[in-house]
Amino acid sequence: MIFMVLAYDYLPPAGPERRQACRSEHLQLGENLYRERRCLYAAGILNEAGDLIGSLIICEFESRQQLEQEWLSREPYVLNNVWEKIEIRLIRPAPFLNSRPAN
């Protein structure tokens, strides 16, 4: 199953300070999940001033329960109260994404 995770940070000053404090751990876990083919795409959400205010992650797990157990339960941004609101949605990618042209 493919999920979209939208996570919004706590407001300044707490949110950005917490984000910076555990960012390297967050990125390391994301890289590990990418290598395991769990994380398909990830990006920071910016406000109009260009400041990070959240995260967007497209990921693949067998179930929402597995997503929560294998990722969110150890996600530094969850454990360190960076993300105030997390929205998880099951998504269906467009069919043309399954057949990328050869380079």
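These numbers come from a predicted model, not from an experiment.

A. Quick peek at the sheet that holds strand β3 (residues 52–60). The four strands lie next to each other as β2-β3-β1-β4, forming an open sheet whose pairing is antiparallel. Both outer strands of the open sheet, β2 (39–46) and β4 (83–91), are each paired with one neighbouring strand and no more. Taking each pair of neighbouring strands and ignoring which way they run, the sheet shows an average axis angle of 15 degrees. The sheet contact formed by β2 and β3 spans seven bridges and is antiparallel. Following the sheet pairing, C39 is matched in β3 by C59. Against the sheet, helix α1 (residues 14–35) contacts β1 (2–9), β2, β3 and β4, and its axis sits at roughly 155 degrees relative to β2.

B. Representation of the side chain of Q66. Within the secondary structure layout, Q66 lies in helix α2 (residues 64–70). At a separation of 2.5 Å, a polar atom in the side chain of Q66 contacts the main-chain amide nitrogen of E62. Not counting residues up to four positions away in its chain, the partners in contact with Q66 are R38, F61 and W71.

C. Examining the pairing of β3 more closely. Across seven bridges, β1 lies against β3 in antiparallel orientation. By the bridge assignment for β3, V5 is matched with I57.

D. Geometry of the layout of surface pockets. The calculated volume of the largest pocket comes to roughly 290 Å³. Around the largest pocket, the lining is made up of 21 residues, and of these H26, L27, A42, A43 and I57 lie nearest the centre. Put simply, the parts of the chain that give the lining of the largest pocket at least two residues each are α1, β2 and β3. Among the elements that make up the lining of the largest pocket, the one with the highest residue count is α1 (seven residues). Among the residues making up the lining of the largest pocket, the classes are represented as twelve nonpolar, four polar and five charged.

Conventions we followed
Residues numbered from 1 in each chain as written. Predicted model: local features only at pLDDT ≥ 70, side-chain atom pairs only at ≥ 80, totals over all residues. Heavy atoms only, no water. Pairing = 2+ DSSP bridges. Helix = DSSP H or I, 4+ residues; strand = E, 2+ residues; numbered from the N terminus. Axes fitted to C-alpha atoms, helices over the stretch in contact; angles between N-to-C directions. Contact = heavy atoms within 4.5 Å. Polar contact = N/O pair within 3.5 Å; in protein donor to acceptor, adjacent residues only side chain to side chain. 1 Å grid on protein atoms, 1.4 Å probe; cavity = no way out; pocket = protein on both sides within 12 Å on 5 of 7 lines; lining within 4 Å. Points joined across faces, edges and corners; volume = space filled by probe spheres on them. Nonpolar A, V, L, I, M, F, W, Y, C, P; charged D, E, K, R; others polar.

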